[in-house]
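Results of the structural survey
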Amino acid sequence: MSIGMTLTKFLLEEQRRYPNSTGNFTALFSDLVVAAKIISREVNKAGLIDILGATGGKNTHGEEVQKLDVLANAAIIKTMEHGGHLAGMASEEMEGVYKIDGKYPKGGYLLLFDPLDGSSNIDVNISVGTIFSMLKCKPGCDCTDKDFLQPGASQVAAGYILYSSSTMFVYTTGHGVHGFTLDPSVGEFLLSHEDIKTPEKGRIYSINEGNTQHWLPGTSRYIEHLKTNGGITARYVGSLVADFHRNLLKGGVFLYPADRKARAGKLRLLYEANPLSFIVEQAGGASSTGDARVMEVPPSELHQRTPLIIGSKADVEEACRWWREGRA
Ligand code: P6P
């Protein structure tokens, strides 16, 4: 029985299209696939063994750290550090950069990731996800923060793993967006969504309405417009990868805008907004801060936050129009 097109085979076929490719990138990606399988295994048995609940520790942003956050971060570091393809890594769970120096051969790529986004949902069995972004080292790279501060348009690859009713690996290298679903019986990610294109316009909006009192006029007027115009439905899981993935496939817009409480927004530019923006643009959608294309925002710090309006192109453009008029 053919088990179909595996992610590893798909990566190799993509590599063959570029005769002068070295295979480093494919090998790097394959290491990440192993990390995804490890995290999927742990997430899917979280309720069965005592790894629920917080470690009691706090991450660099003062947020309570769930044990699976720590495990997911360690799984990626340990799986990725010895391959010889990375110069360093940066993670939501680590204050500074993680240098590959001396212990293992150093490569020419940088990996940024949120190891387990939405982890506060784990204890109630809501979908969570890993988000990753890959950059090339620029000349003179000594793997300090500044080397990671590249705009989203510089990404060479990006994607996410969604741990839900099934585990999906969705990525882009700038040649379309492709989705793979884990078949646990064979331990392989199988091609299930080739060349994903997001609808030009959707019927779903995703925003935390609990923040209504903090919204700036542009957001309030846009959401009011959606409600009075009808024909649209609200969906908000509170787990970015889950909300993004649903809207990617079905169409719609996700908003975590700047508001009076979070002047710079809540979500992280380098390892949340940029990778999802690369994905959505490759799928025909759009991603904005409200004032600018997310992938053109010049980063100034590793864990910098950004407002995010992302999804179907027509919906994002409409939301941005309301946002800008609200400032006039
Ligand atoms: P709020 C989860 O904590 C997260 O980082 C994203 O996954 C999610 O989209 C967002 O925060 C939810 O934030 O303020 O609506 O609970």
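Residues numbered from 1 in each chain as written. Predicted model: local features only at pLDDT ≥ 70, side-chain atom pairs only at ≥ 80, totals over all residues. Heavy atoms only, no water.

**Observations concerning the site of the ligand**
Every residue close to the ligand is listed here: Asp117, Gly118, Asn208, Tyr236, Gly238, Ser239, Leu240, Phe254, Tyr256, Lys266 and Leu267. Contact distances for the ligand include 2.5 Å between an oxygen atom and a side-chain N or O atom of aspartate 117. At 2.5 Å, a side-chain N or O of tyrosine 256 approaches an oxygen atom of the ligand. Protein burial of the ligand: of its 390 Å² of free accessible surface, 78% is covered by the chains. For the shell around the ligand, a count of residues per class yields five nonpolar, four polar and two charged. (Near = heavy atom within 4 Å. Polar contact = N/O pair within 3.5 Å; in protein donor to acceptor, adjacent residues only side chain to side chain. Areas by Shrake-Rupley, 256 points an atom, 1.4 Å probe, with all protein chains shown as cover. Nonpolar A, V, L, I, M, F, W, Y, C, P; charged D, E, K, R; others polar.)

**Section: the nonpolar core**
Core analysis: the biggest nonpolar cluster contains 38 residues, and Phe29, Leu111, Leu116, Phe132, Met134, Phe169 and Tyr171 have the highest contact counts within it. Examining the composition of this core, we find that nine residues originate from one element, helix α2 (residues 24-43), more than from any other. Once you skip the residues sitting within four places of it in the chain, phenylalanine 29 turns out to touch Leu11, Phe132, Met134, Ala157, Phe169 and Tyr171. Among the nonpolar cores identified, the runner-up in size contains 25 residues, and Met168, Leu248, Ala273 and Ile279 belong to it. (Core = buried A, V, L, I, M, F, W, Y, C linked by side-chain atoms within 4.5 Å. Buried < 20%, exposed > 50% of the residue type's maximum accessible area, 1.4 Å probe, protein only. Helix = DSSP H or I, 4+ residues; strand = E, 2+ residues; numbered from the N terminus. Contact = heavy atoms within 4.5 Å.)

**Brief notes about the pattern of salt bridges**
The final tally for this structure, using the stated rule, is 14 salt bridges. Here aspartate 142 ties to lysine 146 by a salt bridge, and the two come within 2.9 Å at their closest N and O atoms. A relative accessible area of 37% places aspartate 142 in the partly exposed class. Ionic pairing is found between arginine 293 and glutamate 296, a salt bridge with its closest N-O pair at 3.0 Å. Connected via shared salt-bridge partners are Asp142, Lys146 and Asp147. (Salt bridge = Lys/Arg side-chain N within 4 Å of Asp/Glu carboxyl O.)

**Considering the sheet that holds strand β10 (residues 188-193)**
With mixed pairing, eight strands are arranged side by side in an open sheet as β4-β3-β5-β6-β7-β8-β9-β10. Each having just a single partner strand, β4 (98-99) and β10 make up the two edges of the open sheet. Against the sheet, α2 contacts β3 (86-91), β5 (109-117), β6 (128-136), β7 (157-163), β8 (167-172), β9 (177-183) and β10, and its axis sits at roughly 165° relative to β6. Those strands touched by helix α7 (residues 269-282) are β3, β5, β6, β7, β8 and β9, and its axis lies near 100° from that of β7. (Pairing = 2+ DSSP bridges. Axes fitted to C-alpha atoms, helices over the stretch in contact; angles between N-to-C directions.)

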